[in-house]
Amino acid sequence: MVAESEDVLTISHVTERLMKAHPELDAGLVERSVRTAYDELRYARVRTYLPVLMERRARDLLPSDEQTDRPT
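Report follows, based on the coordinates. The structure presented is a predicted model; accordingly, all values stated were derived computationally and were not measured. (Residues numbered from 1 in each chain as written. Predicted model: local features only at pLDDT ≥ 70, side-chain atom pairs only at ≥ 80, totals over all residues. Heavy atoms only, no water.)

**Things to note about helix α3 (residues 50-61)**
An α-helical turn contains 3.6 residues, so any two residues separated by three or four positions project in the same direction. End to end, α3 covers 16 Å across twelve residues, agreeing with the expected 16 Å (1.5 Å per residue, within 8%). All of the buried residues along α3 are L50, M54, E55 and A58. Around the axis of α3, the buried residues are gathered within 130° of arc, so they sit on the same side. Exposed residues lying more than 90 degrees from the buried face of α3 are R56 and D60. (Helix = DSSP H or I, 4+ residues; strand = E, 2+ residues; numbered from the N terminus. Expected span 1.5 Å × (residues − 1). Buried < 20%, exposed > 50% of the residue type's maximum accessible area, 1.4 Å probe, protein only. Arc of directions from axis to C-beta.)

Right, dumping it as C-alpha cells:
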C-alpha cells in the first residue's frame, strides 16, 4: 500500500531529524517517541502536515534538557 510506505519514510525522516537535534538522547528513546507520535496521528484525514505534527508530538514525549543534564 502506498500510504504505508510513505508513512515508513516519514517515520524514518522524523527520527533522523530528532536524533540529529538531540544527539545526547538514546536512539531507541527517540525512535519510540516518534512511533508513539505516529500511532496517535496515523488516522488523520489530512496527511500534508503529518511529519510536522509527528515531530512536534515526539519532541513533547522526549525528556527536556533539564532532565537530561541532571547527574544521576
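**Brief notes about the pattern of salt bridges**
Applying the stated rule across the entire model yields five salt bridges. For E55, the salt bridge goes to R17, with nearest N and O atoms at 2.8 Å. Of this pair, E55 sits in helix α3 while R17 sits in helix α1 (residues 2-21), and the two are 38 residues apart along the sequence. Accessibility expressed as a relative area gives 14% for E55, which makes it buried. Accessibility expressed as a relative area gives 37% for R17, which makes it partly exposed. Among the ionic pairs, R57 bridges to E40, the shortest N-O distance being 2.7 Å. With a gap of 17 residues between them, R57 in helix α3 and E40 in helix α2 (residues 27-41) connect regions that are remote in the sequence. Using a relative accessible area of 28% as the deciding quantity, one classes R57 as partly exposed. Bridged by salt links that share partners, the residues R17, E55 and R59 form one connected network. (Salt bridge = Lys/Arg side-chain N within 4 Å of Asp/Glu carboxyl O.)

**A look at the environment of R59**
With respect to the secondary-structure elements, R59 resides in helix α3. For the pair R59 and H22, spaced 37 residues apart in sequence, the C-alpha separation works out to 9.7 Å. With residues near it in sequence (within four places) discarded, R59 still touches L18, A21 and H22. (Contact = heavy atoms within 4.5 Å.)

**Here we look at a nonpolar patch on the surface**
A cluster of nonpolar side chains, V46, Y49, V52 and L53, forms an exposed patch at the surface whose accessible area comes to about 390 Å². By secondary structure assignment, the location of V46 is in the loop between α2 and α3. Among the residues examined, V46 registers a relative accessible area of 56% and is labelled exposed. (Patch = residues over 30% accessible without salt bridge, like charges linked within 9 Å, V, L, I, M, F, W, Y side chains within 5 Å. Areas by Shrake-Rupley, 256 points an atom, 1.4 Å probe, with all protein chains shown as cover.)

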